[in-house]
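# Examination of the molecular architecture
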Amino acid sequence: FSVGCENVLGNNTRQDYWRKIIQQIRKEYSGHLTYSANFNRSVSYRKVRFWDMLDFIGIDAYFSVANRPAQSVEKLIRKWNRRIRKIEKWYTKNHPNKHILF
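The structure displayed is predicted, hence computed values, not measured ones.

### Overview of the layout of surface pockets
Taken as a whole, the largest pocket encloses approximately 150 Å³ of empty space. Lining the largest pocket we find F39, N40, R41, R46, R83 and K86. Looking at the lining of the largest pocket, its residues break down into 1 nonpolar, 1 polar and 4 charged.

### Here's the deal with the environment of Y45
Looking at where Y45 falls in the secondary structure, it is placed in the loop between β2 (34-38) and β3 (56-60). Overall, the relative accessible area of 0% leaves Y45 in the buried class. Sequence spacing of Y45 and Q24 is 21 residues, and the spatial spacing of their C-alpha atoms is 22 Å. The contact partners of Y45, leaving out residues within four places of it in the chain, are A37, N38, F39, W51, I59, I87 and W90.

### Considerations on unusual backbone geometry
With a phi close to 60°, A70 is a non-glycine residue in the positive phi region. Considering the arrangement of structural elements, one finds A70 in the loop between β3 and α2 (73-94).

### Here's the deal with the packing of aromatic side chains
The geometry of an aromatic ring pair comes down to the distance between the two centres and the angle between the two planes. Tallied over the full model, the rule gives 10 aromatic pairs. Taking the centre distance of 5.4 Å and the plane angle of 85° together, the rings of Y35 and F50 count as edge-to-face. Of this pair, Y35 sits in strand β2 while F50 sits in the loop between β2 and β3, and the two are 15 residues apart along the sequence. The pair Y35 / F50 is uniform in exposure class, with both members buried. Considering the side-chain rings of F50 and W51, the 6.4 Å spacing of their centres and the 45° angle between planes classify their relative orientation as tilted. The pair formed by F50 and W51 is uniform in burial state, with each residue classed as buried. Site record: aromatic cluster; members linked through ring pairs are Y17, W18, Y35, F50 and W51.

### Some points on the confidence of the model for the chain
Of all residues in the chain, 92% have pLDDT values of 70 or greater, and the mean over the chain is 88. Per-element averaging of pLDDT across the chain places helix α1 (residues 12-28) at the bottom with 88 and strand β4 (residues 99-101) at the top with 96.

Parameters and conventions
Residues numbered from 1 in each chain as written. Predicted model: local features only at pLDDT ≥ 70, side-chain atom pairs only at ≥ 80, totals over all residues. Heavy atoms only, no water. 1 Å grid on protein atoms, 1.4 Å probe; cavity = no way out; pocket = protein on both sides within 12 Å on 5 of 7 lines; lining within 4 Å. Points joined across faces, edges and corners; volume = space filled by probe spheres on them. Nonpolar A, V, L, I, M, F, W, Y, C, P; charged D, E, K, R; others polar. Helix = DSSP H or I, 4+ residues; strand = E, 2+ residues; numbered from the N terminus. Buried < 20%, exposed > 50% of the residue type's maximum accessible area, 1.4 Å probe, protein only. Contact = heavy atoms within 4.5 Å. Phe/Tyr/Trp six-rings, centres within 6.5 Å; stacked < 30°, edge-to-face > 60°. pLDDT = per-residue confidence, 0-100.

Spelled out as structure tokens, the structure:
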């Protein structure tokens, strides 16, 4: 169950709000929880401070990997690999014991 989707998370007040929501959901729901974080810098999965309360890290991965139609497959793969390396670096440093859902 995703407790939220791409909401603005920039300030501490909103982080506390989500922590309270997750606590309430846990009282009523025994299944796995995630949050569907945006990939964008300003509201990125990197800014979520409550991953510790969830079972999975959720990333809505609408990354731009083509800047024109009919981009070569090789170029698309290179751009995706760059994105994957950035996510892996963040993940390894911050939450290496959680699975990521895309």
